[in-house]
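A structural walkthrough
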Amino acid sequence: RLRQLSARKREIERKLFMSMFCYQCEQTYRSTGCEDVGVCGKDEETAALQDLLVHAAKGIAQYAHRARKWGAQDRAIDRFVLEALFTTVTNVNFDAARVGQMVRQASTMRDQARNLYDQACHKQGQTPETVRGPATWTPPAELDQLVQQGLTVSILQRKESLGEDISGLQELLLYGVKGAAAYAHHAMVLGVEEDEVYAFFLNALDFMTRDDATVDDLLGLNLRCGEVNLKVMEMLDAANTGTYGHPVPTPVRVEPLRGKAILVSGHELKDLEELLKQTEGKGINVYTHGEMLPAHGYPKLKAYQHLVGNYGGAWQDQADEFDRFPGAILMTTNCIQQPRETYQDRLFTSGLVAWPEVQHIADRDFTPVIDAALAAPGFTEDGPDQTLLTGFGRNAVLGVADKVIDAVKSGAIRHFFLVGGCDGAKPGRNYFTEFSQSVPQDCVIMTLACGKFRFNKLDFGDIGGIPRLLDIGQCNDAYSAIQIAVALAKAFECG
């Protein structure tokens, strides 16, 4: 009996202090949370290091947020916090060693932020405030010691000390900030940054360290996060369209062409552009996958003749699709899944995404990807001529607003439906397909993000020349959908 009690005690301790707990995405085990290993493939070690990286980012923010009150800021600090947040988003970085490196770098950035704050205070004749909490964290020497530190700052420990309401609202705010940071990072890569966005990220992270926060305080900050996220999507829209032009309706081939091939997945248009530049004239066809499909609508990207089509569908099907793809594969951001051995040696990552033992491209020199594509067999014959349409961003839709308005006024178009959001990996999820097929023939379906892959190859026809299915773009192109809705509301004086 004593041995049983002792074993039970060890099990409880393991659950509390030695296991991961992650519930930041809809994939979570039994829709409650992942323990021991994530459904996404994240292991306990990486999960703990990601928790520690967030903890370290909070410490950086404690100093950087205070420094901003005295007019001092450092863009290197801002950008590192952005990368730390994006790194811990679901399906981004699964490499414990790389996350550990970022944790150690966070310690250096924290010291840099502290110096920034101290100097700002002295310049203003003020005495620096004594800052406690995550700001006092220091990294141990060994990776396994970092992991142990990470286990002490998880949601499980914060729930014990703060209670469910406060810790839950902190987590909600954290996930909101992570999502906005991902979009802000995409915009930053293309040269678009806003100081107010960085200021909010630092403010939110600093606020999560306070022990006097109320439910009302956190609820208000969560609502503010939604406002900032809309601003961030506007920034990314400006970055994408300013760099590559406004998307235009474009038929995209969905069957392969004979020849060597590279498949590009993820979200990062900059990586796709650089790869297209480096493969030009080398006899390699480039295909998009998943959330990269909307890239075909951008004029500057579609101008590359060897960007020949889209292969496969949503991120959750990548293991089967990558396995069948006879070329090199580049994963540019999140949505990576555990690779199979059959294609791992021709899979590459770039940017913040990483998987252990998968070759990482850190500087956008895609020579290894090109070499792997040339060594692979490629497609031996052309597939049938089959296309689907993309590129119905706000500029394209509003460019024919008069036709749309006339169709609504005449009764030809009765309703607009928007199917958005990132679909999950669970099999048998036919809701989107069944919904889209049940939409009446006098209604238009707008869609964005990977949910569209459940039904975007179906033929929905058109209404007076206006396609009934309008693919607006990536998940971040929700901004485009909002602008279309606002414009239509104004046109019909809906308020």
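Look up: the structure comes first, before these words.
Figured I'd write up the structure that's included with this text. (Residues numbered from 1 in each chain as written. Predicted model: local features only at pLDDT ≥ 70, side-chain atom pairs only at ≥ 80, totals over all residues. Heavy atoms only, no water.)

Mapped onto the secondary structure, K452 falls in the loop between strand 12 (443-448) and strand 13 (462-463). At 3.1 Å, the side chain of K452 and the backbone oxygen of A449 are in polar contact. For K452, the contacting residues outside a window of four places in its chain are E291, L293, P294, T447, D471 and G473. (Helix = DSSP H or I, 4+ residues; strand = E, 2+ residues; numbered from the N terminus. Polar contact = N/O pair within 3.5 Å; in protein donor to acceptor, adjacent residues only side chain to side chain. Contact = heavy atoms within 4.5 Å.)

Next up on the list: the nonpolar core. With 110 residues, the main nonpolar core has L173, F200, F201, I262 and L272 as its most contacted residues. For this core, the element with the most residues is helix 2 (residues 44-69), which contributes twelve residues. Those residues within four positions of F201 in sequence are excluded, and the remaining contacts are L82, V177, A180, A181 and A184. Within the second largest apolar cluster, 28 residues are counted, among which are F322, I336, L347 and F453. (Core = buried A, V, L, I, M, F, W, Y, C linked by side-chain atoms within 4.5 Å. Buried < 20%, exposed > 50% of the residue type's maximum accessible area, 1.4 Å probe, protein only.)

Moving on: the pattern of salt bridges. It is possible for side chains bearing opposite charge to pair when their charged atoms get close. Enumeration according to the criterion identifies 26 salt bridges in this entry. Of the charged contacts, one joins R79 and E193 as a salt bridge, the two residues approaching to 2.7 Å between their closest N and O atoms. Here R79 is found in helix 3 (residues 75-87), whereas its partner E193 is found in the loop between helix 7 (164-189) and helix 8 (195-207), with 114 residues between them in sequence. For R79, a relative accessible area of 35% translates into the label partly exposed. Ionic pairing is found between K452 and D471, a salt bridge with its closest N-O pair at 3.6 Å. Highlighted residues: K452 in the loop between strand 12 and strand 13 and D471 in strand 15 (residues 469-473), separated in sequence by 19 residues. Given the relative accessible area of 0%, K452 is considered buried. Members of the salt-bridge network, linked through shared partners, are R68, R75, D78, R79, E193 and D195. (Salt bridge = Lys/Arg side-chain N within 4 Å of Asp/Glu carboxyl O.)

Going through the model one piece at a time under the given rule, you end up with 16 aromatic pairs. Geometrically, the ring pair formed by F417 and F435 is edge-to-face, given 5.5 Å between the ring centres and 80 degrees between the ring planes. A residue pair is termed long-range when its members are at least 10 positions apart, and F417 in strand 11 (residues 415-419) and F435 in helix 17 (residues 431-438) qualify at 18 residues. The exposure class assigned to F435 is partly exposed, which follows from its relative accessible area of 23%. Both rings, one in Y431 and one in F435, keep their centres 6.1 Å apart while their planes meet at 20 degrees; by these two values the pair is stacked. Pair noted here: Y431 and F435 are both in helix 17, with a separation of four residues, about one helical turn. Given a relative accessible area of 58%, Y431 falls into the exposed group. Members of the aromatic cluster, connected to one another through ring pairs, are Y287, Y311, F325 and F379. (Phe/Tyr/Trp six-rings, centres within 6.5 Å; stacked < 30°, edge-to-face > 60°.)

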